[in-house]
Amino acid sequence: MHEKELFALARGIRIISNALCARQVNNFNKWKTSCTGFNIWENGDNKHASCENAFVSPGETNDLRPDISEFERKSPMNQSAANSSASLNQKRNLSTVSFKTYARQNQSLDLRRFASNESAVPSSKIGRLANYGQLAAGLALGSVGEFTARMLDPNAKSIDPKAFVLSRDNIERIVATLCKIRGAALKLGQMLSIQDDALISKDVQDIFERVRQSADFMPSWQMEKQILEALGENWRDHLSDFNSKPVAAASIGQVHEGILKSNGQKVAMKIQYPGVAESIDSDIDLLMAVLKYTNIIPRGLYLEEALNVAKKELAWECDYKREAAAMNKFRKALSGNSDVYIPQVIPQLTSNRVITTEFVDGVTVDKCIDMDEETKNKVAKIMLQLCLTELFELRFMQTDPNFANFLYNTETGKMSLIDFGSSRSFDLEWVRNYMEVIKCAINNDKPGIIDFSIKLGFLSGFETTAFSDAHCEAVLVLGEAFRSEEPFDFGTQDTTKKIMNLVPTMLQHRVTPPPEETYSLHRKMSGAFLLCSKLNAKIQCNYMFNDLYKKYKDGEILIN
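Predicted model, so just to flag it, every value in this text is computed and none were measured.

1. Considering the side chain of His 256
And then number 1: In this fold, His 256 is placed in strand S3 (residues 253-260).
And then number 2: For His 256, a relative accessible area of 0% puts it in the buried group.
And then number 3: Here Ser 244 takes part through its backbone oxygen, which lies 3.5 Å from a polar atom of the side chain of His 256.
And then number 4: Within the structure, His 256 has its side chain in polar contact with the side chain of Gln 254 (distance 2.9 Å).
And then number 5: Beyond its immediate stretch of four places on either side in the chain, His 256 contacts Met 223, Phe 242, Asn 243, Ser 244, Lys 245, Pro 246, Val 267, Ala 268, Met 269 and Ile 271.

Dropping the structure here:
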């Protein structure tokens, strides 16, 4: 048999394998439809289950619930503020909004279209499990076809094993599955999409970036059912208008526009997908099993401790009352900040599974890359200053760096924060020690870095010299921006690559897992640094930390 014939045969095998996968999907969907009468694709007795207090320790509850007490009384909004809002909003109608951005248009209620598809969320564990099984089978068949085609391709120069898994067909399978099931798996994918190329390969980034931009949205009947169960039969009585098509579809829920009947204020209603709260553990475990099988996640990147933290935080995100309380807390704490705006919670349209807030205008901060240099520097400065303020002044941080959570308004010059599900508090003594670590990094004090890292629980004191040296070098790299007396050029820095060169040593010689707080904190900080890098920002950073450190030493912050 000639090479051309072998190559044609290989292509035929790949086509057949793809056809088998498609047929498998079709047959599975037909079987699922035939089973709806037995109600095995719904949550059954668990459909009213709540994770309101899941994974929240008493200390964390006390930190959040004081704001909830007033919130749960559903006290009416301040009348003067309501009247002011009414005068501004009484003529505003719902707008057509592009996906993941808030366009500013004063048009009548209109249906919107974006790259996502309408599909019912598989809400039962067996339904979600079947989708993962279907994905694994499809990846296996697709890899076989791709392997055969590449082996027999006379023009192939080299064969990369990962290319078999990350073929175009398999990428489509991963994207389609995650967009359909949503929930914790999609959230984990979003986290992976906000990484530097040095940490996650460009191919994997592209997969999850597509997922982040095109999550499917619920059909109207499923969306209505979710709202009805969460808010009761009279929820529409509070609204003069409601857009049944979502303006955004994300991992945990989708967002709809509405207009309050009482004052004409435009609001955003986030409605949680069914079943996502009850399937956090299984979703993450199944997705990681698939990704490990495909060998597209670097070994050692997600340890068991990191996944446990992710599960805990995702349970927080599924409790919208907790998010509302965090939002109220930030709104109060940052009310005097001229650069940041926190939307108002609408309590009468908020529950554990639906949260309604004031609608805010703006573009996601990563879209500011096309703006002028002054604006890009301002956006980067606000983001970095916000991280430091949250950690060292509030000891309470919104830890999700997803760029879609930060909207910059070019008219007001303010950044609006719209998602507080992953907010968490930090222990006083822990934050004090962390501040001292950064101060030691600025001063090139390696013994000090080791000492305070032990106090933080990041080191045990029994590490090898190689690990201790690598740890110090990584901390010193992170302190570069705050050490420089001149505006720091984030566009030319190679912080991530420097740290990645140290990772093999740190993974090999680590004797204790890092403290839980660092997973959340470093995710947010790395997101802020990555944004600064994407915007090619040049900003003076040293004063940001020095001012806070002086306040700390003067007893103005971190005192109780």
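2. Concerning the pattern of salt bridges
And then number 1: The final tally for this structure, using the stated rule, is 16 salt bridges.
And then number 2: Among the ionic pairs, Glu 313 bridges to Arg 523, the shortest N-O distance being 2.8 Å. Taken together, the residues span a long stretch of sequence, with Glu 313 in helix H11 (residues 304-317) and Arg 523 in helix H19 (residues 516-534) at a distance of 210 residues. For the pair Glu 313 and Arg 523, a shared accessibility class is recorded, and that class is buried.
And then number 3: Here Glu 516 and Arg 424 are joined by a salt bridge, their closest N and O atoms 3.1 Å apart.

3. Quick notes on the sheet that holds strand S10 (residues 414-417)
And then number 1: Overall, mixed pairing links the four strands, which are arranged S5-S10-S9-S7 in an open sheet. The open sheet has two edge strands with one neighbour each: strand S5 (340-341) and strand S7 (363-364).
And then number 2: Note: strand S9 (residues 406-409) against S10, four bridges, orientation antiparallel. Across the sheet, Leu 407 pairs through a bridge with Ser 416, a residue of S10.

4. Let's talk about the nonpolar core
Note on soluble globular proteins: their nonpolar side chains tend to be buried together.
And then number 1: Within the largest apolar cluster, 96 residues are counted, with the highest numbers of intra-cluster contacts made by Leu 384, Phe 392 and Phe 490.
And then number 2: Ignoring anything within four residues of it in the chain, the contact list for Leu 384 reads Phe 482, Phe 490, Ala 528, Phe 529, Ile 539, Cys 541 and Met 544.

5. Considerations on unusual backbone geometry
And then number 1: Of note, the phi angle at Arg 395 is positive, near 55°, even though the residue is not glycine.
And then number 2: In this structure, Arg 395 sits in the loop between helix H13 (373-394) and strand S8 (396-398).
And then number 3: With phi around 55°, Leu 558 is a residue other than glycine that occupies positive phi space.
And then number 4: Within the secondary structure, Leu 558 sits in the segment after helix H20 (542-553).
And then number 5: Under the relative-accessibility criterion, Leu 558 is labelled buried at 7%.

6. Observations concerning the environment of Leu 521
And then number 1: The topology assignment puts Leu 521 in helix H19.
And then number 2: Along the backbone, Leu 521 and Phe 426 are 95 residues apart, and their C-alpha atoms lie at a distance of 9.5 Å.
And then number 3: When neighbours within four sequence positions are excluded, Leu 521 is seen to be in contact with Leu 391, Met 397, Phe 426, Trp 430 and Tyr 434.

7. A word on the packing of aromatic side chains
How two aromatic rings sit relative to each other is set out by the distance from centre to centre and by the angle between their planes.
And then number 1: All told, the structure shown has 12 aromatic pairs when counted by the stated rule.
And then number 2: Members of the aromatic cluster, each reached through a chain of ring pairs, are Phe 392, Phe 482, Phe 488, Phe 490, Phe 529, Phe 545, Tyr 549 and Tyr 552.
And then number 3: It is Lys 329 that lies over the ring of Phe 396; its NZ or CZ is 4.4 Å from the centre.
And then number 4: Looking at Lys 439, its charged tip hangs above the ring of Tyr 549, at a distance of 4.9 Å from the centre.

8. Structural notes on the pairing of S3
And then number 1: Counting buried positions along S3 yields eight of eight residues, so the element is predominantly enclosed.
And then number 2: Burial of S3 is two-sided: the residues Gly 253, Val 255, Glu 257 and Ile 259 facing one way and the residues Gln 254, His 256, Gly 258 and Leu 260 facing the other way are all buried.
And then number 3: Sheet analysis places strand S1 (residues 239-242) next to S3, joined by three bridges and oriented antiparallel. What sits directly across from Asp 241, in S3, is Ile 259.
And then number 4: Across two bridges, strand S2 (residues 248-249) lies against S3 in antiparallel orientation. The residue bridging Ala 249 from the neighbouring strand is Gln 254, located in S3.

9. Remarks on the side chain of Gln 226
And then number 1: Mapped onto the fold, Gln 226 is located in helix H9 (residues 220-231).
And then number 2: Residue Gln 226 is classed as buried on the basis of its relative accessible area of 11%.
And then number 3: Apart from residues lying up to four places away in sequence, Gln 226 is in contact with Met 218, Ile 271, Gln 272, Tyr 273 and Pro 274.

10. Focus on the confidence of the model for the chain
And then number 1: Summary statistics for the chain give a mean pLDDT of 75 and a share of 60% for residues scoring 70 or more.
And then number 2: Across residues 34-93, where pLDDT falls below 50, the model places 101 contacts with residues more than four positions away in sequence or in other chains.

11. Let's talk about H9
And then number 1: If you check H9, its first and last C-alpha atoms are 16 Å apart, about what 12 residues at 1.5 Å a residue would give, namely 16 Å.
And then number 2: What H9 keeps buried is the set Gln 222, Met 223, Gln 226 and Ile 227. Taken around the axis of H9, the buried residues stretch over an arc of 135°, which confines them to a single face.
And then number 3: Where the residues of H9 are buried, they touch S1, S3, strand S4 (266-272) and strand S6 (354-358).
And then number 4: Two residues or fewer past H9, Gly 232 is found with a positive phi of approximately 95°.

12. Quick look at the pairing of S9
And then number 1: Burial of the side chains of S9 extends over both faces: Phe 406 and Tyr 408 are buried on one face and Leu 407 and Asn 409 on the other.
And then number 2: Where S7 lies against S9, two bridges are found, and the strand directions are antiparallel. Its bridge partner being in S9, Thr 364 is matched across the sheet by Leu 407.
And then number 3: Turn length for the S9-S10 hairpin, with the two strands adjacent in sequence and antiparallel, is four residues, and the turn residue Gly 413 shows positive phi of about 75°.

What counts, and where the lines are drawn
- Residues numbered from 1 in each chain as written.
- Predicted model: local features only at pLDDT ≥ 70, side-chain atom pairs only at ≥ 80, totals over all residues.
- Heavy atoms only, no water.
- Helix = DSSP H or I, 4+ residues; strand = E, 2+ residues; numbered from the N terminus.
- Buried < 20%, exposed > 50% of the residue type's maximum accessible area, 1.4 Å probe, protein only.
- Polar contact = N/O pair within 3.5 Å; in protein donor to acceptor, adjacent residues only side chain to side chain.
- Contact = heavy atoms within 4.5 Å.
- Salt bridge = Lys/Arg side-chain N within 4 Å of Asp/Glu carboxyl O.
- Pairing = 2+ DSSP bridges.
- Core = buried A, V, L, I, M, F, W, Y, C linked by side-chain atoms within 4.5 Å.
- Phe/Tyr/Trp six-rings, centres within 6.5 Å; stacked < 30°, edge-to-face > 60°.
- Lys NZ or Arg CZ within 6 Å of the ring centre and 35° of its normal.
- pLDDT = per-residue confidence, 0-100.
- Expected span 1.5 Å × (residues − 1).
- Arc of directions from axis to C-beta.

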